[in-house]
Amino acid sequence: MSGGEFEPRIVVFACNWCSYAGIDLAGTSRIKYPHNVRIVKVMCSGRVHPEMVLKALEEGADGVLITGCHPGDCHYISGNYKAMRRYLLLKKLLGELGLSDRVRLEWVSASEGERWARVSSDFVEHIRKLGPLRLKEVMEGE
Amino acid sequence: MSDRVKVALYWCASCGGCEEAVVDLAEELIRLSNSLEIVFWPVAVDFKKSDVEAMPDSSIDISFINGGIRLTEHEEVVKLLRRKSKLVVAFGSCAHGGGVPGLANMYSRDEILRYAYIEAPTVINSEGALPKELSGGVGGELELPKVLKLLKPLDEVVDVDFYIPGCAPTPDVIKKSLETLLSGKLPPKGSVLGASSKSLCDECDLNKTKPEKILLKDIKRVHQVRLDLSKCYLSQGVICLGPVTRGGCGTLCVKGGMPCTGCFGPLDNVSDYGARALSFLASVIDYDDEVQAEKFIEEYIPDPVGWFYRYNLPKSLIKGRYQRQGGGVHG
Ligand code: FES
């Protein structure tokens, strides 16, 4: 597959209270963001277990973006701190497994439609440069 | 004689500890020989593969297979045993999740062979000879089994009926598993035998001293602290994986002054043990500040794979280190 043809498949976990609302705002304000994202609404970024991220990669995602309320703003008070600690550790684990830079955590508030557009395009371009992951194919091939 | 239950035992990529665990049954083994007939056990009994091939299909009642699948030979023999057996039981951590030999999935096949045959400090191999699948020897052609790209858990190669956990399974776990298997009342297929369905903490004597919430500003390794053996190790800053690990071992390590490293594997319905362990460890980090949390991880968790996937990397969602063809490391 040549670089030009590769369209990254990105799974996004977005918390219901800030990030999903922010993405929605981008939509209603007609701010463009890449079509590569598949958005999964979760109640809180603290709900995103590492298994969910690994499963997404295993099932064919080229990258995973976790989004949540800014520190201090989580609807459940501390869910995003939990998400941050898990993410940092997961990032280190994935680095050891040769998969660094495939997963990112970003804070997007309900009023940040513009920021969502920037964050998502940045990530899509970043993954585009890394190239397709094809985890199953690479791990199970001969 | 013919009403005895026919069993086979086989080892794949393992250390031999699982065979030892069977011998550790001691007098029990003698008692069991009244009800069991061993038809194949390469490490102890002189039957050959051709003897198994000559048996009718499904004529062995239970095959106990330990070790991970690393060679084409392992694949061949376990497929043969599957065909000849009514039940196949994955015996021990390696057959169950890949085990310690499964950590070799962090390296490519070439890296492993090069290290083992050329680079290891204890090796003298000036010609740089590597094993070939076909070698000309004094007695003619010699065929060696092929090393697979990754080590696989048993259930990735053949259908597995039951699992016996542990590195190695304790005599008590083996005894309980055999009782279940011989009782005729089998649990649902895929069950883990001989162990608990609850976490290790549930059976641990120190659980009553475990604080409601564990929050740590640093982590200590066992050699850096004088452990109080009467208090939950987590409360003393030593990481014990009891909360995410299946119980049933009788907390042997904890009683011996060592924290749990997870050999009994995950609880039911957990798809990735390491991800659970990671989640648990992240939850004890007592920092809300990103920079400090990152520093904590940098300093105290140098090798997440070794900590979280010590016994089951091949069974994890990622399976090993991601490397593109040609051995080039990606990322
Ligand atoms: S609700 Fe948005 S991060 Fe918790």
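See above for the structure.
In this report, we go over the structure that sits alongside the text.

Conventions adopted
- Chains are numbered independently. Their residues run from 1 in the order of the written sequence.
- A letter from A marks each chain and a number from 1 marks each ligand, given out in the order of writing.
- Only residues with pLDDT of at least 70 get local features here, since the model is predicted, and only at 80 or more are side-chain atom pairs given and counted; chain-wide, interface and lining totals rely on the full set of residues.
- Side-chain measures were taken over the full set of non-hydrogen atoms in the model, leaving aside hydrogen atoms and water.
- Counting from the N terminus, the helices are the DSSP runs of H or I reaching at least four residues and the strands are the DSSP runs of E reaching at least two.
- For the radius of gyration, the atom set is restricted to C-alpha positions; the globular benchmark scales as 2.2 Å times the number of residues to the power 0.38.
- Contacts are assigned to residue pairs that have any heavy atoms within 4.5 Å of one another.
- By convention, the term buried area covers the 1.4 Å-probe accessible surface removed from two parts as they join, with the contributions of both added.
- Just to be clear on terms, a salt bridge is a Lys or Arg side-chain nitrogen sitting within 4 Å of an Asp or Glu carboxyl oxygen.
- The definition of a polar contact used here is a pair of N or O atoms within 3.5 Å, where within protein one atom must be able to donate a hydrogen and the other to accept one, and adjacent residues in sequence count solely through side-chain atom pairs.
- What we call a nonpolar core is a set of buried Ala, Val, Leu, Ile, Met, Phe, Trp, Tyr and Cys residues that are connected through their side-chain atoms within 4.5 Å.
- Buried residues are those whose accessible area, probed at 1.4 Å on protein chains only, stays under 20% of the maximum for their type, while exposed residues exceed 50% and partly exposed ones sit between those limits.
- Residue ranges for the domains trace back to a domain assignment, done automatically or taken from a database.
- Points on a 1 Å grid, built from protein atoms alone, make a cavity when a 1.4 Å probe fits but cannot get out and make a pocket when they are open with protein on both sides within 12 Å along at least 5 of 7 lines; residues with an atom within 4 Å of a point are the lining residues.
- Grid points are joined across faces, edges and corners, and a volume is the space filled by probe spheres set on the points.
- Each residue gets one of three labels, nonpolar for Ala, Val, Leu, Ile, Met, Phe, Trp, Tyr, Cys and Pro, charged for Asp, Glu, Lys and Arg, and polar for the others, Gly among them.

### Remarks on the overall build of chain A
Thinking step 1. Summing up its helical and strand segments, chain A has five helices and four strands in all.
Thinking step 2. Reading chain A from its N end, one meets helices and strands in the order β-α-β-α-β-α-β-α-α.
Thinking step 3. Relative to the globule expectation of 14 Å for 142 residues, the C-alpha radius of gyration of chain A, 15 Å, shows essentially globular dimensions.
Thinking step 4. Counting only C-alpha atoms, chain A reaches 45 × 30 × 20 Å along its principal axes.
Thinking step 5. For chain A, the proportion of contacts with a sequence separation of at least 24, taken over those separated by at least 6, is 80%.

### Section: the interface of chain A and chain B
Thinking step 1. Listed per partner, the contact involves 33 residues of chain A and 42 residues of chain B.
Thinking step 2. Taken over both partners, the interface formed by chain A and chain B buries close to 3500 Å², and the fraction arising from carbon and sulfur atoms is 60%.
Thinking step 3. There are five salt bridges connecting chain A and chain B.
Thinking step 4. For E294(B), the salt bridge goes to K91(A), with nearest N and O atoms at 3.6 Å.
Thinking step 5. Our enumeration of links across chain A and chain B arrives at 12 residue pairs in polar contact (both at pLDDT 80 or more).
Thinking step 6. Taken together, the elements giving at least two residues each to the side of chain A that touches chain B come down to α2 (50–58), α3 (79–96) and α5 (135–140) of chain A.

### Here we look at the environment of V119(A)
Residue and element names in this part refer to chain A.
Thinking step 1. Within the fold, V119 resides in helix α4 (residues 113–130).
Thinking step 2. As a C-alpha pair, V119 and E106 span 13 residues in sequence and 7.5 Å in three-dimensional space.
Thinking step 3. Aside from chain neighbours lying at most four places away, what touches V119 is L65 and E106.

### Description of the nonpolar core
All names here are of chain B.
Thinking step 1. Counting 92 residues, the largest nonpolar core has F64, I239, L281, I301 and F308 as its most contacted members.
Thinking step 2. Here this core spans two domains, and each of domain 1 (5–100 + 149–182) and domain 2 (200–300) adds at least three residues to it.
Thinking step 3. Counting residues in each nonpolar core, the second largest holds 24 residues, with V39, M55, A90 and V158 among its members.

### A word on empty space enclosed by the protein
Thinking step 1. Tallying each qualifying case throughout the model produces three cavities of 30 Å³ or more.
Thinking step 2. The space that makes up the largest cavity amounts to roughly 110 Å³.
Thinking step 3. Lining of the largest cavity is provided by L200(B), C201(B), C204(B), L206(B), N207(B), K210(B), C232(B), Y233(B), L234(B), C240(B), G242(B) and V254(B).
Thinking step 4. The residue inventory of the lining of the largest cavity, partitioned by class, reads nine nonpolar, two polar and one charged.
Thinking step 5. Put simply, the second largest cavity is a space of about 60 Å³.
Thinking step 6. Lining the second largest cavity, in full, are S45(A), V48(A), P50(A), I66(A), A83(A), R86(A), Y87(A), L90(A) and L105(A).
Thinking step 7. Looking at the lining of the second largest cavity element by element, the count peaks at four residues for α3(A).
Thinking step 8. Split by residue class, the lining of the second largest cavity holds seven nonpolar, one polar and one charged.

By themselves, these are just geometric observations and shouldn't be taken as functional.
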